[in-house]
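Examination of the molecular architecture
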Amino acid sequence: MKKSDNFFLKFIFMAFCFYSAQALAFVDPPTFAPIAPNSAQSIVASVRSGICHGLGFEIPGGRPLRIEYSDAAIDIFSPGLVNPSGFCNLPIATNQFNITPRPAGNYQVRIWILNDLAGTTFPNTVLGSQAVLTVSQGTPSLLASVPSIGIGSAVLLIALIFAIACFGAKRFTLFSIAIVSSTGFAQSNEKTLLVLLSSAPGAPAPIALVEPINFSGGYLGVLSAGFVAENPTRAFYLLPRRATGDFNSWIQNNPNEARAKLERQVIIVYPPTANLQNALMALRNDPNVVYATQMPLVDFATPAQNQFSRQPGLISSAFSGTPNQTWITDLGFDRAWIHAGGWGLVATIDNGLNTTHPDFLAFNAAGSYTGGNFLSTYAADAGQSTSLEPPGLIIGSNADERRPVSTTFPICDPDGDGFMVPSFAGHGSHTAGLISANHANFDGIQGACKNCGIAPWRIGDDVCNTGTGTVGTGVSTFGVIASLTYTTDIGVQVTNQSFGFLPEGMLNRCAAIPNDAWCLQMTYAQQRGVLLVAASGNARTSINFPAQDPRVVAVGGLEPDLSFWNERLDLPPNLRTGECPNSVPPGQECGSNFTATSPGERRQEITMPARDVYSTAYPGATWNQFLECGDATDGNPSDGRGLCTGTSMSAPLYSGLAGLLRSINPLLLAGNPENAADAIGIRDVVVSAATVPGGAPWSPQFGYGIPDAEIAAKIMLGTVAGNTVKNRLTPLFSLYSVGATDWAYVTVPQAAVALINYTAASYAPRGTLTFGYNGFPESATAVPAIAIPLASTFVLTTEFKANVSHPNTVPLYWLDRSRSFPVGCTTGSGCNLRNRDFLLVTSVAELEIAKADGYDFRGLQGYVYDRCAPAPACVPRGAEKLYRQCKVTEDDCAIFLESERSVRESEGYVSAYPVGSNMHIGYAYPNIDSDADNLIDGLEYIIGTNPTRADSDGDGLSDAAEFPLAGVSVSDPCVGPNIQCGIDELFANGFE
């Protein structure tokens, strides 16, 4: 055959594939799981599309995903592409969208493609497909059913296989290549490297690697030096949720910032036959690559499922009666809660949690507020770093530990629906319960922080055991880094990490490789003031990474009697000696890691209970098959409570304590007790409240000791005139977004920074300079720098009033809603697709109404005084009326004091929300500092210093120097040679 004939046949084949592809250009009608949902169930809508129509493709500067609900319709607006080129080459893929429980009825579910690709000739909003969803009246169930594959789906699957034959050279591999390991677990046989691309002129952008037209050339001309050694098969973003709008502009303007470098991280996938070391060396020598690495394997810090020979029943036999949470009294949490319950935002980077557990649910099926602290708006699943679907690392919103995941192994899919359900669950539920299980339902389980919001990010990477048909859970390292980055983006205050690994030959991984993605994430978190907590590990060796890093709190483990955890777990209780025998080598998981004797080794920081800790469990499930962890370990296999062992339990107890302390003073930074030059922060406070058994200041096992939560809370509150202060004030930062036409108000600096820098329509501070707090946590090199904190109002940080004559306090419940405005619009100059409204309400009734109106609950932002009578006699000295009034023409509500009311009303903020509610919502303090000492008058009234005198006790130190707004009290401002404190206020019926 002549060469020209061969070319002609290739052309005919390509043309046939092209026209076949055109015939397959589609957005299938959505299918639903459960197939027949009831009004108590969340619903997953699955939509298959491809070739010329694609969902889930976020365009820089494009519109974000949004879902709008009405009485008869559910409109899903997904970023995507419509006919992006003359030769369509979009992958065939299935996207999933989470629909919140809906009232019984029929709904038209419409799938819209937000087509924001520049230069397209198609409309910017295209109706892709639609289907009818029928919801019946019902009651909650633990697990929703999933749809079976019908004839139509089978036909589409055949078409998909044919499409792969035509488009095999395109940018995604749709099926994983799997092998069965010696243990029977099916694992991906692909090899991966993580690459940080350069920002130098001429260097390729990440999109050039992730979205090439042809892989067969090995990206020649993009990373020619790096890819000439071993050709990859595909690539995908480490951070699949790409920065858009104002946030993306910030990324481009700050290429040397840690967060910008994380945006330039790309995962490169190689075939099983590739020599990964050759590829790694070639990439490191490429001038367009800053750093390349192979990611480590990570494991949860609980004893391994097959580690021990312990027989079922041994754990429960160690207890007489019902297990209980002895740590509450042993660590002084019951006494701490007398001073503050806590309301901070804590991220759990774990295996998710049971999203329907009564200890977590914030709202029941009827929409009533139950007091649970699981905040679904912050939840995500970043664990599925598989090659089953593009783009590799899938970020979804379902953080349930047992959510069904895709599989190609029939033995793990007995009903043949294409999904497998994890067999082992409970690790994430257990750790989340220790942080913030519901105190209001009196079920025998409480969390360390009463009202701390839980932001669960699931990092479980499920694998099928083809020998037993069970579905085990590992850890996705890529998912870990993505989760840690995104939770910093969204404004969490504390991050719990009950996992780790021991880097061989490295005592300080990040000092050696600062551009490692994990290390960049920690740099980023430190810049934003996030407190990072991690388990020390369970192998009786050196402390694991990430706890090994000095920016992270390393939490070791204790026995129930508060001795150091170091014993044989594979022996029955009557034979345990309390020590690991010499015949058991280091590495056997029977005790907490600690600081050994290597020079420069990370020092243990703190210790908390680790063995047989009682907390929430995934109902009916087991984490460890030998009952190390699970629902049945308390003798009741279906009560959603159980025991677990490991420093995985120690870390969340610390995280809960940190969340409680951060709520007492949200302005205080994380700190570092190992750095004398660092400002005093939360970590320093916990260390100051800790005691080492035996009296040493520090030990290799206990670190700085076992903390007392009450002492730590009292240090945070401060001391005036020899008495612990009963409450504090903190600024309610006010911000406005022109693009979102929205006022937002937050007390947490991390949340304010998230709104300023990390939203598509960024917010800018508005109001008055905050005395005593001059800057948000930020990198000194950020351009432009984050704006100066502004606030016109100060609010209370705890639920306890300073004086019995004051009105009771009420929480500030924080919510937000994103929807196009006018409601339902999709295009046009008068349609605001970035419209958003942040809202504060002060009653459960208002909270439930707002939730029913489509607002997402985001936890608490402090407290204000409730309305009282007779006014003004009942109003605390210096406080003003606080209002919530709305501007209906912009779908926005604002919060302001009496002194600002005329200005806001002139701007159109004159309506009540909820309709008919009292626009006067309580009392708070204005940002006024009469004596210019950087403490506002209201705070001085509360703590008892003199608001008209900068040095209330005449000792030569200003009140703010002794009792700083954004710091820890260093001395008593009312003990000195010339005391002129507010004695009447200080001792009037309120102080002991």
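Look up a bit, the structure's there.
Residues numbered from 1 in each chain as written. Predicted model: local features only at pLDDT ≥ 70, side-chain atom pairs only at ≥ 80, totals over all residues. Heavy atoms only, no water.

**Focus: empty space enclosed by the protein**
Where empty space is left can be seen by rolling a probe of water-molecule size over the atoms. Taken as a whole and judged by the stated rule, the model has four cavities of 30 Å³ or more. Approximately 100 Å³ is the volume found for the largest cavity. In terms of lining residues, the largest cavity is bounded by 16 residues, among which Leu345, Gln493, Arg858, Leu860 and Gln861 are the most central. Taken together, the residues of the lining of the largest cavity break down into nine nonpolar, six polar and one charged. Of the voids in this model, the second largest cavity is the one considered here, and its volume is about 50 Å³. Lining the second largest cavity are Tyr369, Gly372, Asn373, Leu375, Asn451, Gly453, Phe857, Gly859 and Leu860. (1 Å grid on protein atoms, 1.4 Å probe; cavity = no way out; pocket = protein on both sides within 12 Å on 5 of 7 lines; lining within 4 Å. Points joined across faces, edges and corners; volume = space filled by probe spheres on them. Nonpolar A, V, L, I, M, F, W, Y, C, P; charged D, E, K, R; others polar.)

**Points about the packing of aromatic side chains**
According to the stated counting rule, one finds 28 aromatic pairs in the structure shown. Taking 6.1 Å as the distance between ring centres and 10° as the angle between the ring planes, the aromatic pair formed by tryptophan 743 and tyrosine 745 counts as stacked. For tryptophan 743, a relative accessible area of 6% corresponds to the buried category. Residues tyrosine 883 and phenylalanine 896 carry aromatic rings whose centres are separated by 6.2 Å and whose planes lie at 25° to one another, so their mutual orientation is stacked. Here phenylalanine 896 lies in strand 44 (residues 892–897) and tyrosine 883 lies in strand 43 (residues 880–887), a separation of 13 residues in the sequence. Assigned by exposure class, tyrosine 883 and phenylalanine 896 land together as buried. Through successive ring pairs, a cluster of aromatic residues spans Phe247, Trp250, Tyr524 and Tyr758. (Phe/Tyr/Trp six-rings, centres within 6.5 Å; stacked < 30°, edge-to-face > 60°. Buried < 20%, exposed > 50% of the residue type's maximum accessible area, 1.4 Å probe, protein only. Helix = DSSP H or I, 4+ residues; strand = E, 2+ residues; numbered from the N terminus.)

**Focus: the sheet that holds strand 15 (residues 289–293)**
Pairing within the open sheet is antiparallel, and its four strands lie in the order 13-14-12-15. Whereas interior strands pair on both sides, the edge strands pair on one side only; in this sheet they are strand 13 (234–237) and strand 15. If you compare each strand with its neighbour and ignore which way they point, the axes differ by 25° on average. In this structure, strand 12 (residues 191–197) lies alongside strand 15, joined through four bridges in antiparallel fashion. In the sheet register, valine 195 faces strand 15, and the bridge partner there is alanine 292. (Pairing = 2+ DSSP bridges. Axes fitted to C-alpha atoms, helices over the stretch in contact; angles between N-to-C directions.)

**A few points about the packing of helix 15 (residues 647–664) against helix 17 (residues 709–717)**
Each packed pair of helices is defined by two parameters, the angle between the axes and the distance between the axes. Closest axis-to-axis distance for the helix 15/helix 17 pair is 9 Å, and the angle between their directions is 20°. On the basis of the axis angle, helix 15 is roughly parallel to helix 17. Along this stretch, helix 15 crosses helix 17, giving a crossing that reads as right-handed. Residues Leu657, Leu660, Leu661 and Ile664 of helix 15 form the contact with helix 17, whose own contacting residues are Ala709, Ala712, Ala713, Met716 and Leu717. Considered class by class, the residues forming the contact of helix 15 with helix 17 number nine nonpolar, no polar and no charged. (Parallel < 35°, antiparallel > 145°, perpendicular 65-115°, else oblique. Left-handed = near helix turned anticlockwise from the far one by under 90°. Contact = heavy atoms within 4.5 Å.)

Coordinates in, geometry out; function isn't part of it.
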